[in-house]
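Descriptive analysis of the structure
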Amino acid sequence: SVDLQEGKPHLVLGLLWQIIRIGLFAQIDLQHNPGLVQLLQEGEVLEDLLKLSPEEILLRWVNYHLEKAGSPRRIQNLGTDIKDSEAYMCLLNQIASPDRGVDLGPLNEKDPERRAELMLQNADKLACRVFVTPQVVVDGNSRLNTAFVANLFNTWPALDVPEEAAEILDTLGEFEETREEKTFRNWMNSLGVDPYVNHLFSDLSDGLVLFNMYDAVKPGVVDWDCVHEPPFKQMGGRYQKIENCNYAVELGQTMKFSLVGIGGQDISNGNKTLTLALVWQLMRAYTLALLHNLKGSEGPIKDREIVDWVNATLQEAGKQTSLSSFQDPGISTSHVVLDLIDAIKPGSINYTNVHGGTNPDERSSNAKYAISMARKIGARVYAFPEDLVEVKPKMVLTVFACLMATGLKNKV
């Protein structure tokens, strides 16, 4: 936050891009655009499409329309491959309705920057002249061109839903991301893992993200000389990924994780149950490591220490609520969480917004308020309101641990 306050350009621009990216990519999925099933390639199933990042979907979308337009051109990126504006002109002409007056005339222009300007004039006919200038197109700025294409997709997807798509989409529920999976994925990405995690299981299959997480939990624990890094060999690459995952499991064992029956091949194959078991222990270890560093204790933080800290903090602030464990049924009303937030930062909770929690609607409202206020006072909470209402012990632990970390920081 200090770096942002000082206005360091690369950090400010990076943050702005993440905000723009979230907004532009929010509807690039099958729920909002079932016509995306048109982008399935031969031999693929729905799950293969769900594994693609938004950027990869946009590339497929552009190439799909280039093929529909009868163009031999295909692009591999949204940088150098679009610098001559040819792919853009074919795309605009293909997705536009006839009454918009888009044409391929700009392709006759020899000067690249002038051609880009004429192309953008056509984009303006679709009310989509945003994010890029002729110079940006010619320079091949990948981020700004990605934003330009994402806006085109959101405005003019031009993807009809085929009749046979209904049968495919009926299976969508089988592959939808669960709340737990989304929590883990958001947590990883918030820590700046590389590569970015779009699909939890397939993106962990080479072990690289897991090594990022181990390093975040215990800096220096990963011996990078033992890690196979991309590009993976065409012959033997699969084995290299399994070796990475074997090493990831070994690291977990050295950190006393419970990994009985979990092998590297399970992680590489995307076994959901076993992968989630490993990822949860990484998230738990990371959270407890933060507390350990803040508290300065000699040994690892125990769950009971968090519960005791919560109760001591509540009592010191004169609150009437208490916590018996992370399975305490009273958590479902979120009263104990709200009281703890107010104890950490007195006056932060407006109790006129807090309901009795006697029915589902009241419990849901309280939980949303609690999660929102926890983040507002600086707690890095990744759980969802539903986790409090349903008293999910794993996620509940992270909520109280993050609040404890915030409380300890405030006392430093």
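Above this note sits the structure.
This one's a predicted model, so the numbers in the text were calculated from it and none came from an experiment.

Overview of the overall build of the protein chain
- Scanning the protein chain for helices and strands turns up 21 helices and 0 strands.
- The principal-axis extent of the C-alpha atoms belonging to the protein chain is close to 75 × 55 × 50 Å.
- The buried share of the protein chain, reckoned over its 412 residues, is 46%.
- Residue pairs in contact within the protein chain that sit at least 24 positions apart in sequence constitute 56% of those at least 6 positions apart.

So, the pattern of salt bridges
- Across all of its chains, the model carries 13 salt bridges by this definition.
- Between Glu86 and Arg73 there is a salt bridge, and its shortest N-O distance comes to 3.2 Å. Separated by 13 residues along the polypeptide, Glu86 in helix H5 (residues 86-95) and Arg73 in the loop between helix H4 (54-68) and H5 bring together distant segments of the chain.
- In this structure Arg73 comes out as buried when scored by relative accessible area, which is 19%.
- Through salt bridges with shared partners, a single network forms among Arg179, Asp387, Glu390 and Lys392.

Some words on the layout of surface pockets
- In this model, the largest pocket occupies a volume close to 1800 Å³.
- Class assignment of the residues belonging to the lining of the largest pocket gives a composition of 23 nonpolar, 13 polar and 14 charged.
- There is about 560 Å³ of room inside the second largest pocket.
- Forming the boundary of the second largest pocket are 18 residues, of which Met255, Phe257, Ala285, Leu288 and Pro300 lie nearest the centre.
- Of the residues contributing to the lining of the second largest pocket, the split by class is 8 nonpolar, 5 polar and 5 charged.

Focus: helix H11 (residues 179-190)
- End to end, H11 covers 16 Å across 12 residues, agreeing with the expected 16 Å (1.5 Å per residue, within 8%).
- Every buried residue of H11 is listed here: Glu181, Thr183, Phe184, Arg185, Trp187, Met188 and Asn189.
- Where H11 is buried, its residues contact helix H12 (200-203), helix H13 (208-217), helix H16 (272-295), helix H20 (385-389) and helix H21 (393-411).

Overview of the packing of aromatic side chains
- Counted according to the given criterion, the structure contains 7 aromatic pairs.
- Ring geometry for Tyr88 and Phe148: centres 5.0 Å apart, planes at 75 degrees, overall edge-to-face. Here Tyr88, found in helix H5, pairs with Phe148, found in helix H8 (residues 142-155); they are 60 residues apart in sequence, far enough to count as distant. Phe148 carries the same exposure label as Tyr88, and that label is buried.
- With 5.4 Å between their ring centres and 45 degrees between their planes, Phe211 and Tyr247 make a pair best called tilted. With a gap of 36 residues between them, Phe211 in helix H13 and Tyr247 in helix H14 (residues 237-254) connect regions that are remote in the sequence. With respect to burial, Phe211 and Tyr247 carry one shared label: buried.
- The rings of Phe211, Trp224 and Tyr247 are connected pair by pair, giving a single aromatic cluster.
- A cation sits over an aromatic face here: Arg21 above Tyr196, 4.6 Å from the ring centre.

The rules behind each value
- Residues numbered from 1 in each chain as written.
- Predicted model: local features only at pLDDT ≥ 70, side-chain atom pairs only at ≥ 80, totals over all residues.
- Heavy atoms only, no water.
- Helix = DSSP H or I, 4+ residues; strand = E, 2+ residues; numbered from the N terminus.
- Buried < 20%, exposed > 50% of the residue type's maximum accessible area, 1.4 Å probe, protein only.
- Contact = heavy atoms within 4.5 Å.
- Salt bridge = Lys/Arg side-chain N within 4 Å of Asp/Glu carboxyl O.
- 1 Å grid on protein atoms, 1.4 Å probe; cavity = no way out; pocket = protein on both sides within 12 Å on 5 of 7 lines; lining within 4 Å.
- Points joined across faces, edges and corners; volume = space filled by probe spheres on them.
- Nonpolar A, V, L, I, M, F, W, Y, C, P; charged D, E, K, R; others polar.
- Expected span 1.5 Å × (residues − 1).
- Phe/Tyr/Trp six-rings, centres within 6.5 Å; stacked < 30°, edge-to-face > 60°.
- Lys NZ or Arg CZ within 6 Å of the ring centre and 35° of its normal.

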